[in-house]
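So the chains spell out like this:
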Amino acid sequence: MKLFTGLIFCSLFLGVSSRWYSFLGEAAQGAWDMWRAYSDMREANYIGADKYFHARGNYNATQRGPGGAWAAKVISDARESSQRVTDFFRHGSSGHGAEDSKADQEANEWGRSGKDPNHFRPAGLPDKY
């Protein structure tokens, strides 16, 4: 009976821990998707393309699963918080105001909801991105 109880306990423990490993793997892959979108945005340096890259990064991360969606939300919220601090100290000279922050959050939510990020793609952005 002890062996049977031990086997059940071990199978439950391994099942739960494998879900955590899966979640952590998805989160890492989602964070990588967000980083790649941010790197592409910096490389492209294309006026008006930031919303597209926000939506694309969130969309790609969310496609990984619950861990990726969690990573996308955490990274997007952290980026917005740091932007608000920057705006406070630079008095809005960073080019990011309240309207831009709101538009960024809309693009983030658009991507996380699974909608096509190309909705925000500006005309003329090279196909590489």
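About the thresholds
- Residues numbered from 1 in each chain as written.
- Predicted model: local features only at pLDDT ≥ 70, side-chain atom pairs only at ≥ 80, totals over all residues.
- Heavy atoms only, no water.
- UniProt positions renumbered as here; feature names shortened; annotations may be inferred.
- Salt bridge = Lys/Arg side-chain N within 4 Å of Asp/Glu carboxyl O.
- Helix = DSSP H or I, 4+ residues; strand = E, 2+ residues; numbered from the N terminus.
- Buried < 20%, exposed > 50% of the residue type's maximum accessible area, 1.4 Å probe, protein only.
- Axes fitted to C-alpha atoms, helices over the stretch in contact; angles between N-to-C directions.
- Parallel < 35°, antiparallel > 145°, perpendicular 65-115°, else oblique.
- Left-handed = near helix turned anticlockwise from the far one by under 90°.
- Contact = heavy atoms within 4.5 Å.
- Patch = residues over 30% accessible without salt bridge, like charges linked within 9 Å, V, L, I, M, F, W, Y side chains within 5 Å.
- Areas by Shrake-Rupley, 256 points an atom, 1.4 Å probe, with all protein chains shown as cover.
- Expected span 1.5 Å × (residues − 1).
- Lys, Arg positive; Asp, Glu negative; His and termini not counted.
- Phe/Tyr/Trp six-rings, centres within 6.5 Å; stacked < 30°, edge-to-face > 60°.
- Lys NZ or Arg CZ within 6 Å of the ring centre and 35° of its normal.

Named according to an unreviewed UniProt entry, the protein is Serum amyloid A protein originating from Panthera tigris altaica. Taken verbatim from the UniProt record of the protein, the Sequence similarities (unreviewed entry) comment is "Belongs to the SAA family." Turning to the protein, the UniProt annotation filed under Function (unreviewed entry) states: "Major acute phase reactant. Apolipoprotein of the HDL complex."

J.: Explain the pattern of salt bridges to me, and be specific about the residues and the numbers.
T.: In total, this model carries seven salt bridges according to the counting rule given. Close ionic contact of Arg56 with Asp40 constitutes a salt bridge, the shortest N to O distance being 2.7 Å. In this pair, Arg56 sits in helix H2 (residues 50–62) while Asp40 sits in helix H1 (residues 2–44), placing the two residues 16 residues apart along the sequence. Of the two residues, Arg56 and Asp40, both sit in the buried class. Lys51 is the salt-bridge partner of Asp104, the closest N and O atoms lying 2.9 Å from each other. Taken together, the residues span a long stretch of sequence, with Asp104 in helix H4 (residues 98–112) and Lys51 in helix H2 at a distance of 53 residues. Taking the relative accessible area as the measure of exposure, Lys51 reaches 13% and is therefore buried.

J.: With reference to specific residues and values, describe unusual backbone geometry.
T.: Unusually for a residue other than glycine, Asn45 sits at a positive phi of about 45°. Its place among the elements puts Asn45 in the loop between H1 and H2. Classification of Asn45 by relative accessible area gives exposed; the value is 67%.

J.: Describe in detail the packing of H2 against H4, supporting the description with residues and values.
T.: Their axes nearest at 7 Å, the elements H2 and H4 cross at an angle of 30°. For the element pair H2 / H4, the angle class is roughly parallel. Classified by chirality, the crossing of H4 by H2 is right-handed. Facing H2, whose interface residues are Asp50, Lys51, His54, Ala55, Asn58, Tyr59 and Thr62, H4 presents Asp100, Ala103, Asp104, Ala107, Asn108, Gly111 and Arg112.

J.: Which residues make up a nonpolar patch on the surface, and what values do they have?
T.: Side chains of Trp32, Trp35 and Tyr38 sit close together on the surface and give an oily, nonpolar patch of about 370 Å² of accessible area. Locating Trp35 in the fold gives a position in helix H1.

J.: Any details on H2? Residues and values, ideally.
T.: For H2, spanning 13 residues, the distance from its first C-alpha to its last is 18 Å, which sits close to the expected 18 Å at 1.5 Å a residue. For H2, a buried count of ten out of 13 residues is recorded, marking the element as mostly surrounded by other parts of the structure. Every buried residue of H2 is accounted for by Lys51, Tyr52, Phe53, His54, Ala55, Arg56, Gly57, Asn58, Ala61 and Thr62.

J.: Describe the side chain of Arg79, naming the residues involved and giving the relevant values.
T.: With respect to the helices and strands, the residue Arg79 is situated in helix H3 (residues 66–90). For the buried Arg79, no salt bridge is present, and the opposite-charge side chain at shortest range is Glu80, 5.0 Å distant. Setting aside residues up to four positions removed in sequence, Arg79 forms contacts with Met34, His54, Asn58 and Asn108.

J.: So what's going on with the packing of aromatic side chains? Residues and values would help.
T.: For the structure on display, the rule yields five aromatic pairs. Seen in terms of ring centroids, Tyr52 and Phe53 are 5.1 Å apart; in terms of plane orientation they differ by 65°. Their pairing is edge-to-face. One exposure class covers both Tyr52 and Phe53, and it is buried. Put simply, the rings of Tyr52, Phe53 and Tyr129 pair up and form one aromatic cluster. Its guanidinium or amino end placed over the ring of Tyr52, Arg121 lies 5.1 Å from that ring's centre, counting from NZ or CZ.

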